[in-house]
Amino acid sequence: MTECTQEYLEEKFRQFREPNSEEEKIPEKVPKNIHSTEKLRRRNLIFDEEHFEDVFLRCLICREVFNESEKLPKTLPCHHSFCLHCFLQMFRVEGEYRQSLSSAFRSMPRAVKIQCPSCRDSIIASEDDLRRLPNDHTVLELINFVRETGINDISYCAKHQLQPLNFFCEPCAIPVCCDCTVLDHKNTNGHNVMNITEALSKYTPIINDTITEMEKSKQEYLFKRAQIEQSMKHLSQMETQVTDEIKLTFQKLRHMIDERERDILSMSEQEMNRKRQNLMDNFKKIIEREECMMDQMKELEIAKEANDISQMFTSHQAAQNTLSTPLQLPHITNDNFGVSFHFEAYKHRRVMQDLLNFGHLMVLSS
């Protein structure tokens, strides 16, 4: 490693260790009964993650986090690192600018001047030269370190700033930090505090048993749900079947009632026609007797005017015979010529009551 690289890394670590010179350093607070190596490990986890990422893991041009693809960190000869994407952007912008200055450049130049944004040192490089720049392995190792250690997954105490929750209080059932163990959750006050790893080892089997029971219950619920769904499907089928049976039964009843109605109407029509024919026959008899009497009366008046005694006597004798002969009218039962007709709904109340109570839906509970 060259002297310039060493100075650059030392400056980076100095910025990381001292994010703000005006702020006071956070004192180290750990329980006395923790092993020295464990104490050192916990102390190393207490830092500002965002500042760590800004200093080590972000490109100073685009402010995007480095990665192992298009944001690959590339190092210039001046030992300042930027992402490959920004270098290619700088190459394209500089090339387009050079092309716009002179018509001699009919296409993009093969190599352009790339100036370091930090120290203003410059190089002449083509696109392939930029891609062949050495990778910043320090940054790549830090990326792997963050990925493997899961720094972003660490939870911190809300009461004591930047203190990781490395302990667990059983009575309170909450994770606590090392400051909480000596201030708010002392063992002498009835708090049983243990390491978070021990708590996980102790309660993980219990949680697993609970999850297993819940899985069993879930399977039972799934089975019961399937049964209910099958019952609902069967119920829909029964509903269709019962509905069809009810409609068919009442359709038959309506058909029988309609047929009976047609029969009674036909009977009524026949009886009415018979009565009407009887009245017409009586009417004809009366008309015939009336015409006969009118003829005899006319003959009698003519004989009277003619003073024909013989004709008068003959006509008078015929008129007396007609008057003495009673009019024989057929199909007469009383003085109003038998015009009497009405419909009698035989047992209609009983039939209506039977229809009101007709049918019964049997519900069989399982």
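I will try to describe carefully the structure that is included in this document. Note that the structure is predicted; figures quoted are calculated from it, not measured. (Residues numbered from 1 in each chain as written. Predicted model: local features only at pLDDT ≥ 70, side-chain atom pairs only at ≥ 80, totals over all residues. Heavy atoms only, no water.)

## Considering the overall build of the chain
Okay, step 1: Within the chain, the secondary structure is distributed over ten helices and seven strands.
Okay, step 2: A total of 366 residues make up the chain; the buried ones form 22% of that total.
Okay, step 3: Counting only contacts in the chain whose residues sit at least 6 apart along the sequence, the fraction spanning at least 24 positions is 52%. (Helix = DSSP H or I, 4+ residues; strand = E, 2+ residues; numbered from the N terminus. Buried < 20%, exposed > 50% of the residue type's maximum accessible area, 1.4 Å probe, protein only. Contact = heavy atoms within 4.5 Å.)

## Structural notes on the environment of K304
Okay, step 1: Position of K304 among the secondary structure elements: in helix 8 (residues 196-306).
Okay, step 2: Spatially, the C-alpha atoms of K304 and S315 are 9.8 Å apart, while their sequence positions differ by eleven residues.

## Considering the packing of aromatic side chains
Okay, step 1: Under the defined criterion, the tally for this structure stands at three aromatic pairs.
Okay, step 2: Both rings, one in F82 and one in F87, keep their centres 5.9 Å apart while their planes meet at 85 degrees; by these two values the pair is edge-to-face.
Okay, step 3: Among the residues examined, F87 registers a relative accessible area of 0% and is labelled buried.
Okay, step 4: Pairing F168 with Y203 gives two aromatic rings, centres 5.8 Å apart and planes at 65 degrees, and the pair type is edge-to-face. With F168 in strand 5 (residues 167-169) and Y203 in helix 8, this residue pair connects regions lying 35 residues apart in the sequence. (Phe/Tyr/Trp six-rings, centres within 6.5 Å; stacked < 30°, edge-to-face > 60°.)

## A look at the sheet that holds strand 5
Backbone-to-backbone hydrogen bonds join strands into a sheet, with any given pair of strands oriented parallel or antiparallel.
Okay, step 1: One open sheet accounts for three strands, arranged 6-5-7; its pairing is antiparallel. Of all strands in the sheet, those with a lone pairing partner are strand 6 (174-176) and strand 7 (193-195), marking the two edges. Neighbour-to-neighbour, the strand axes of the sheet open up by a mean angle of 35 degrees, direction not taken into account.
Okay, step 2: The pairing of strand 5 with strand 6 spans three bridges and is classified as antiparallel. Its bridge partner lying in strand 6, F167 is registered against V176.
Okay, step 3: Contacting strand 5, strand 6 and strand 7, helix 8 runs over the sheet at an angle of about 90 degrees to strand 7. (Pairing = 2+ DSSP bridges. Axes fitted to C-alpha atoms, helices over the stretch in contact; angles between N-to-C directions.)

## Considering the environment of L165
Okay, step 1: Examined against the element boundaries, L165 turns out to sit in the loop between helix 6 (137-149) and strand 5.
Okay, step 2: Residues L165 and P175, spaced ten residues apart in sequence, show a C-alpha to C-alpha distance of 5.8 Å.
Okay, step 3: If we skip the residues at most four places from it in the chain, L165 touches S155, Y156, C157, P175, V176, C177 and I196.

## Points about a negative patch on the surface
Okay, step 1: Among the surface-exposed residues, E288, E290, E291, D295 and E299 lie close enough to one another that they form a single negatively charged patch.
Okay, step 2: Along the polypeptide, D295 turns up in helix 8.
Okay, step 3: Classification of D295 as partly exposed rests on a relative accessible area of 48%. (Patch = residues over 30% accessible without salt bridge, like charges linked within 9 Å, V, L, I, M, F, W, Y side chains within 5 Å. Areas by Shrake-Rupley, 256 points an atom, 1.4 Å probe, with all protein chains shown as cover. Salt bridge = Lys/Arg side-chain N within 4 Å of Asp/Glu carboxyl O. Lys, Arg positive; Asp, Glu negative; His and termini not counted. Charge placed at Lys NZ, Arg CZ, Asp CG, Glu CD.)

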